[in-house]
Amino acid sequence: MSILTYLHVVVTTRFAELRRDGERGDSPVPTAVIIFGLVFVATIVTGLALGKANDWMKAIPAHTNPK
């Protein structure tokens, strides 16, 4: 069997398997939308936490050196 015949059979068989496999998974668009939503929520939560921490730090009275 020549190498070209062997490669032709291998490639043809693989293409037939790929055509037969109907379920190829979900589209990448819903996954990207979910990731964007999670990043958006995480950014908002981080911003709120940073704001609360800054408010808490500003509420601490200034330090004065004892004499």
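Residues numbered from 1 in each chain as written. Predicted model: local features only at pLDDT ≥ 70, side-chain atom pairs only at ≥ 80, totals over all residues. Heavy atoms only, no water.

**Here's the deal with the pattern of salt bridges**
Applicable threshold: Between Lys or Arg on one side and Asp or Glu on the other, a salt bridge is scored when a side-chain nitrogen of the former is within 4 Å of a carboxyl oxygen of the latter. Working definition: helices are DSSP H or I runs of at least four residues, strands are E runs of at least two. Numbering for both runs from the N terminus. When a residue's accessible area, from a 1.4 Å probe over protein chains only, is under 20% of the maximum for its type it is buried; when over 50% it is exposed; and in between it is partly exposed.
In the structure shown here, the tally under the stated rule is one salt bridge. Here E17 makes a salt bridge to R14, at a shortest N to O gap of 3.3 Å. Pair noted here: E17 and R14 are both in helix α1 (residues 3-20), with a separation of three residues, about one helical turn. Note on E17: relative accessible area 37%, which makes it partly exposed. Relative accessible area serves as the criterion here: at 45%, R14 is assigned to the partly exposed category.

**Here we look at the UniProt feature "transmembrane region" (unreviewed entry) in the protein chain**
Selection rule: UniProt positions are given in the numbering used here, feature names are shortened, and annotations may be inferred rather than shown by experiment.
Per the UniProt entry, the sites bearing "transmembrane region" (unreviewed entry) are residues 29-50 in this numbering. A helix fraction of 100% and a strand fraction of 0% characterise residues 29-50, whose end C-alpha atoms lie 31 Å from each other.

**Things to note about the packing of aromatic side chains**
Which entries qualify depends on this criterion: A pair of Phe, Tyr and Trp rings is counted when the ring centres sit within 6.5 Å of each other, with Trp represented by its six-membered ring. The angle between the planes then sorts it: under 30 degrees is stacked, over 60 is edge-to-face, the rest tilted.
Taken as a whole and judged by the stated rule, the model has one aromatic pair. With 6.5 Å between their ring centres and 20 degrees between their planes, F36 and F40 make a pair best called stacked. With F36 and F40 both in helix α2 (residues 28-58) and four residues apart, the pair spans about one turn of that helix. Since its relative accessible area comes to 60%, F36 is described here as exposed. For F40, a relative accessible area of 47% gives the class partly exposed.

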